[in-house]
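Commentary on secondary and tertiary structure
Each chain is listed here by its residues.
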Amino acid sequence: MPWNNAVKSEKISFDIKHLLESVSGCKGLDFPITLTREAKHNGTELADNGTVLRKKDLTGCYYFMPVTFSYNSKSYEIDCAMVRLRLKKNIVQTPLLGQGGMVKEMVGVQDLAISITGCLMGERGQWPEDRINGLRQLFETNDSVALKCALTDCFFDADDKVVITDMCFPQGGQVEDIVPVNIECVQDNIFELTLN
């Protein structure tokens, strides 16, 4: 995707798809498929749970499943994000003496683990320093934060939030206005404790 550099009169080229593939290891859809799908949507489509499914990026193109963190009325969007969820059960296993196998007692379900890989995009030719600093401040918050995403909303209750456990800014091919980011977080449920 070529952009005119505001500082110099030369064109800067980058490929978001290739950049995200190198950081996440996931391969996205080929360009002609995404182009034909884009023409069908106007960005107002919502999932059944009320979450926005498509949003327009800085280049004017719609992308699928926007991801936004929010805390204290501030929002932090991750552009072109790929979301991975991991569900796991806590199971107590007891070996059977004299026989093969184990007795399995399901105890419960672990917190949902969420991995988000995406980019922070700056305005044409600008390094997104303010967005990087915003995510740093969000990470340094010692509290749970809200996460809005169509996929995670399928698993969250209305008041569920996340705790960010890890944030990484991997090398992204030295493109000045796109900075890749990996964010790991876990679901934070609200419990009521009743004492007798």
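The residue count restarts for each chain, going from 1 along the sequence in the order it is written. Where totals are concerned, whole chains, interfaces and linings use all residues; where local detail is concerned, this predicted model gives features only for residues with pLDDT of at least 70, and gives and counts side-chain atom pairs only at 80 or more. Only hydrogens and water are set aside when side-chain values are computed; all heavy atoms of the structure are taken into account.

Quick look at the overall build of the chain
Think of it this way: any DSSP run of H or I at least four residues long counts as a helix, any run of E at least two long counts as a strand, and we number them from the N terminus. Within the chain one finds four helices and twelve strands. Taking the intrachain contacts of the chain between residues at least 6 apart in sequence as the baseline, contacts between residues at least 24 apart amount to 58%. Accessible surface is estimated by sampling points in the Shrake-Rupley manner with a 1.4 Å probe; for residues, cover comes only from the protein chains shown. With an accessible surface of roughly 12,800 Å², the chain has 52% of that area assigned to carbon and sulfur atoms. Any two residues whose heavy atoms approach within 4.5 Å at even a single point are treated as in contact.

Looking at the sheet that holds strand 12 (residues 178-188)
At least two DSSP bridges between two strands are required for those strands to pair. Strands sit in the order 10-5-6-9-12-11 across an open sheet of six strands; the sheet is antiparallel. Strands with a single pairing partner mark the edges of an open sheet, and in this sheet they are strand 10 (146-148) and strand 11 (161-168). Strand-to-strand twist of the sheet, defined as the mean angle between neighbouring strand axes without regard to direction, takes the value 40°. As defined by bridge partners, strand 11 adjoins strand 12 across seven bridges and the pair is classed as antiparallel. Across the sheet, Ile-164 pairs through a bridge with Cys-185, a residue of strand 12. Angles shown run from 0 to 180 degrees and are taken between the N-to-C directions of axes, each axis being a line fitted to C-alpha atoms and, for helices, limited to the stretch in contact. This element, helix 3 (residues 129-140), spans strand 5 (67-71), strand 6 (74-86), strand 9 (113-121), strand 11 and strand 12 of the sheet and lies at about 70° to strand 6.

Some points on unusual backbone geometry
Both trends apply: most residues other than glycine have a negative phi, and most peptide bonds are in trans. Backbone geometry at Asn-72 places phi at a positive 50°, although glycine is not the residue there. Position of Asn-72 among the secondary structure elements: in the loop between strand 5 and strand 6. Unlike most non-glycine residues, Cys-80 shows phi in positive territory, near 50°. Partly exposed describes any residue whose relative accessible area lies between the buried limit of under 20% and the exposed limit of over 50%, with all areas from a 1.4 Å probe on protein chains only and scaled to the type maximum. Note on Cys-80: relative accessible area 17%, which makes it buried.

Digging into the nonpolar core
For our purposes a nonpolar core is just a set of buried Ala, Val, Leu, Ile, Met, Phe, Trp, Tyr and Cys residues, chained together by side-chain atoms within 4.5 Å. Counting residues in hydrophobic clusters, the biggest one holds 29 residues, and the most contacted among them are Val-67, Phe-69, Ile-78, Ile-114, Ile-116, Leu-135 and Ile-183. At the level of secondary structure, the elements contributing two or more residues to this core comprise strand 5, strand 6, strand 9, helix 3, strand 11 and strand 12. In terms of residue count, strand 6 provides more of this core than any other element does, five residues in total. Once you skip the residues sitting within four places of it in the chain, Leu-135 turns out to touch Tyr-76, Ile-78, Leu-120, Met-167, Phe-169, Val-181 and Ile-183.

Concerning the confidence of the model for the chain
Residues at a pLDDT of 70 or more form 73% of the chain, whose mean pLDDT is 79. When pLDDT is averaged over each helix and strand of the chain, the minimum, 45, is found for helix 2 (residues 31-39) and the maximum, 95, for strand 11. Predicted confidence is poor over residues 31-39, with pLDDT under 50, and the contacts of this stretch with residues over four places away or in other chains come to four contacts. Here pLDDT means the predictor's own confidence in every residue, given as a number from 0 to 100.

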